[in-house]
Amino acid sequence: MAEWVYPLGSAAEGCWDVSLGTADSAITVDGWKHTGLKVASLAAGAAVELPAAGEERIVIPLSGALTVSVDGEKYQLAGRASVFNGPSDVLYSGTEKAVTVTSSDGGRVAIATAPAKVQYPTRLITAAETPVELRGAGNCSRQVHNFGTPAALEADRFIVCEVITPAGNWSSYPPHKHDEEKEGETRLEEIYYFETRVAPGADVPAGDTDAIGYQRVYASDERPIDVAAEVRTGDVVLVPYGWHGPAMAAPGYDMYYLNVMAGPGRVRDWLISDDPHHGWVRQTWEGQDVDPRLPFGA
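Below or above, wherever it landed, is the structure these notes cover. (Residues numbered from 1 in each chain as written. Predicted model: local features only at pLDDT ≥ 70, side-chain atom pairs only at ≥ 80, totals over all residues. Heavy atoms only, no water.)

### A short note on the pattern of salt bridges
In total, this model carries 19 salt bridges according to the counting rule given. With a shortest N-O distance of 3.2 Å, Arg232 and Glu230 are connected by a salt bridge. With a closest N to O distance of 2.7 Å, Asp274 and Arg282 form a salt bridge. For Arg282, a relative accessible area of 30% corresponds to the partly exposed category. Via salt bridges that share partners, Lys177, Asp179, Glu180, Lys182, Glu185, Asp221 and Arg223 belong to a single interconnected network. (Salt bridge = Lys/Arg side-chain N within 4 Å of Asp/Glu carboxyl O. Buried < 20%, exposed > 50% of the residue type's maximum accessible area, 1.4 Å probe, protein only.)

Here's what the structure looks like:
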């Protein structure tokens with residue numbers, strides 16, 4: 001399981017809290033080819049840099065405002081107090097462009113990456129422009145920010161979004177897969193980067209908190225994979241193939257995750273197959289309301 005689960009600190013490299021799968025990363029995972037992620041904590045005035053490379057990138061403020069330089073041109077990202085405060089401005093860089101990220105007051109940044117060959121223009125996607133989807137219903141309700149999906153962004157390879165799940169709810173459910181190129185399904189690697197927090201209003205004794213969630217991944221064919229992992233802020237789970245879900249927000253704790261997906265297929269699209277034992281759950285949502293705690297906002 002350790003090959004696919006990276007608790008906070010276990011995928012750190014230099015100034016990066018997480019450094020997996022990117023062009024300049026020294027941390028390698030056998031068989032991992034199509035997606036990457038960098039995460040950094042920035043002190044006030046500090047900067048992180050990525051050299052020009054054959055990969056496309058999306059810069060995502062996790063907290064704080066950021067200034068991003070792409071080949072010398074500067075973009076201001078308004079940012080947010082935390083990932084639980086609704087969508088943020090994000091920046092798509094395209095390929096073969098050096099990227100520098102700074103924060104005058106300090107903050108945290110995630111940079112999603114994917115090897116790419118076709119060049120698309122740099123684009124700022126503001127929080128106001130970000131499509132916000134309330135997916136599911138009842139205790140399967142969650143909020144999705146679709147800033148890097150095919151409908152929202154012109155890109156070569158990757159599909160990027162973020163999901164917020166209220167305390168006690170199940171997300172990435174019913175379990176599904178995207179590990180074959182076939183009618184109705186695309187082959188995509190997937191990265192889950194997690195953050196968790198004590199839910200507003202939870203009566204937790206001071207110093208007694210351990211904001212926790214859970215992630216499940218299991219085999220869809222003869223390839224072995226069996227993940228049932230505790231996840232907290234800063235943890236990463238890789239999904240190379242197989243059924244995945246649910247991502248569970250434990251009672252008392254809200255859960256956020258950033259998804260980065262890409263694959264070798266001809267079409268850039270998120271086409272999935274549900275686990276046939278559990279796909280029926282979708283039909284039950286028709287008679288339920290969306291969780292009234294959604295949407296999360298500023």
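### Regarding the side chain of Asp156
For Asp156, the position within the fold is in the loop between β12 (142–148) and β13 (159–165). Residue classification places Asp156 among the buried residues on the basis of a relative accessible area of 13%. A distance of 2.8 Å separates a polar atom in the side chain of Asp156 from the backbone nitrogen of Lys117. Here Val118 takes part through its backbone nitrogen, which lies 3.1 Å from a polar atom of the side chain of Asp156. The residues touching Asp156, leaving out its near neighbours within four places in the chain, are Glu56, Tyr92, Ala116, Lys117, Val118, Tyr120 and Arg268. (Helix = DSSP H or I, 4+ residues; strand = E, 2+ residues; numbered from the N terminus. Polar contact = N/O pair within 3.5 Å; in protein donor to acceptor, adjacent residues only side chain to side chain. Contact = heavy atoms within 4.5 Å.)

### Observations regarding the nonpolar core
Phe158 and Leu258 are the most contacted members of the largest nonpolar core, which has 54 residues in total. Apart from the residues within four sequence positions on either side, Leu258 is in contact with Leu37, Ile60, Ala110, Phe147, Val160, Cys161, Glu162, Ile191, Tyr192 and Tyr193. In this structure, Trp16, Val59, Val70 and Tyr75 belong to the second largest nonpolar core, which totals 16 residues. (Core = buried A, V, L, I, M, F, W, Y, C linked by side-chain atoms within 4.5 Å.)

### A word on empty space enclosed by the protein
Here the structure, examined in full by the defined rule, presents one cavity of 30 Å³ or more. Taken as a whole, the largest cavity encloses approximately 30 Å³ of empty space. In terms of lining residues, the largest cavity is bounded by Arg157, Leu188, Gly263, Gly265, Val267, Arg268 and Asp269. Of the residues contributing to the lining of the largest cavity, the split by class is two nonpolar, two polar and three charged. (1 Å grid on protein atoms, 1.4 Å probe; cavity = no way out; pocket = protein on both sides within 12 Å on 5 of 7 lines; lining within 4 Å. Points joined across faces, edges and corners; volume = space filled by probe spheres on them. Nonpolar A, V, L, I, M, F, W, Y, C, P; charged D, E, K, R; others polar.)

### Examining the layout of surface pockets
Counted as a void, the largest pocket has a volume near 300 Å³. What lines the largest pocket is a set of 22 residues, among which Arg135, Cys161, His176, Met261 and Trp270 lie closest to the centre. Within the residue set of the lining of the largest pocket, elements represented by two or more residues are β12, β13, β16 (189–198) and β21 (253–262). Each residue belonging to the lining of the largest pocket can be placed in one class, and the counts come to 11 nonpolar, six polar and five charged. Forming the walls of the second largest pocket are 14 residues, and the residues nearest its centre are Gly31, Arg187, Glu189, Pro240 and Tyr241. Class assignment for the residues of the lining of the second largest pocket results in six nonpolar, two polar and six charged.

### Some details on unusual backbone geometry
Cis geometry marks the peptide bond from Gly245 to Pro246, where omega comes out at 5 degrees. In this structure, Pro246 sits in strand β20 (residues 243–249). Cis geometry is found at the peptide bond from Leu294 to Pro295, where omega equals 5 degrees. If you check the backbone angles, Glu96 has positive phi at about 55 degrees while not being a glycine. As for its placement among the helices and strands, Glu96 is situated in the loop between β7 (90–92) and β8 (99–102). Owing to a relative accessible area of 48%, Glu96 belongs among the partly exposed residues under this scheme.

### Some words on the sheet that holds β12
Within a beta sheet, neighbouring strands are joined by backbone hydrogen bonds and run either parallel or antiparallel to one another. Pairing is antiparallel in the open sheet, where seven strands are placed in the order β1-β19-β16-β21-β13-β12-β11. Each edge of the open sheet is held by one strand with a lone partner, namely β1 (5–6) and β11 (132–135). As judged from the seven bridges shared by β13 and β21, these two strands associate in the antiparallel manner. Residue pairing in the sheet places Val160 in a bridge with Val260 of β21. (Pairing = 2+ DSSP bridges.)

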